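Inside the fold
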Amino acid sequence: MAGIRQGRLLEERALDAPMDKKTGRRPARSVTVNRAESPLGWLKARGLLSKRQYDAGERLRTDYERAQLAPKVTMTWDAAPVARGRSGSAPSYDPTGSQIDAHRRFHAAIDEAGPGLSDILWRVVCSGDGMRQAETALGWPARAGKLVLLIALDRIANHYRMR
């Protein structure tokens, strides 16, 4: 259930079970999120992105998050590895099937966008940088990033076969 209130794009997201579409009832555990908090949501709320471009960007970000490609920002509290010899053993990385699939989808979409467009996609969609911050980091002139981002979003929308 999405709605626009006071310039916000609010959406109810289930934490454990999907929302019942017939009755509109919330699941036992849900959270209301403001989709306009992301740079894509900000651009969409101002009419600068089409629904297709916004959906393509959100799908790319979902794949990025499901693949757990973001850097860790806290300490890993896993148990210490069992020593095998003097140096011990390295912790094993055991990704789930959904992580592997998301990783493949993410990289296929980024590859489809191309080397010049993948930079702005990663910075704005995945990293959450604002347009000004992304343009500065890439050494681009002001307001050049928006046009490049729109082209990149169209390319990944084609890749995801969105209408």
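Going by the structure above, here's the rest.
Here we summarise the structure given alongside this text. No experiment lies behind these values; they were computed from the predicted model shown. (Residues numbered from 1 in each chain as written. Predicted model: local features only at pLDDT ≥ 70, side-chain atom pairs only at ≥ 80, totals over all residues. Heavy atoms only, no water.)

1. Some points on the overall build of the chain
Assigned secondary structure in the chain consists of six helices and three strands. Start at the N end of the chain and walk to the C end: the helices and strands fall as β-β-β-α-α-α-α-α-α. In the chain, of all internal contacts separated by at least 6 residues, the share reaching a separation of at least 24 is 54%. Counting every atom, the chain has about 11,400 Å² of accessible surface; 51% of that belongs to carbon and sulfur. (Helix = DSSP H or I, 4+ residues; strand = E, 2+ residues; numbered from the N terminus. Contact = heavy atoms within 4.5 Å. Areas by Shrake-Rupley, 256 points an atom, 1.4 Å probe, with all protein chains shown as cover.)

2. Quick word on helix α2 (residues 51–66)
Here α2 contains 16 residues, and its C-alpha end-to-end distance of 22 Å stays within 8% of the 22 Å for a straight helix at 1.5 Å per residue. Turning to α2, its buried residues are Q53, Y54, A56, G57, E58, L60, R61, D63 and Y64. Of the residues one or two after α2, Q68 is the one with positive phi, at around 55 degrees. (Expected span 1.5 Å × (residues − 1). Buried < 20%, exposed > 50% of the residue type's maximum accessible area, 1.4 Å probe, protein only.)

3. Re the packing of helix α3 (residues 97–113) against helix α6 (residues 144–159)
Two elements in contact, α3 and α6, have axes separated by 9 Å at closest approach and are oriented at 125 degrees. On the basis of the axis angle, α3 is oblique to α6. For α3 against α6, the interelement crossing comes out right-handed. The residues of α6 that touch α3, namely those facing R105, A108, A109, E112 and A113, are R155, I156 and H159. A class-by-class count of the residues in the contact of α3 with α6 yields four nonpolar, one polar and three charged. (Axes fitted to C-alpha atoms, helices over the stretch in contact; angles between N-to-C directions. Parallel < 35°, antiparallel > 145°, perpendicular 65-115°, else oblique. Left-handed = near helix turned anticlockwise from the far one by under 90°. Nonpolar A, V, L, I, M, F, W, Y, C, P; charged D, E, K, R; others polar.)

By themselves, these are just geometric observations and shouldn't be taken as functional.
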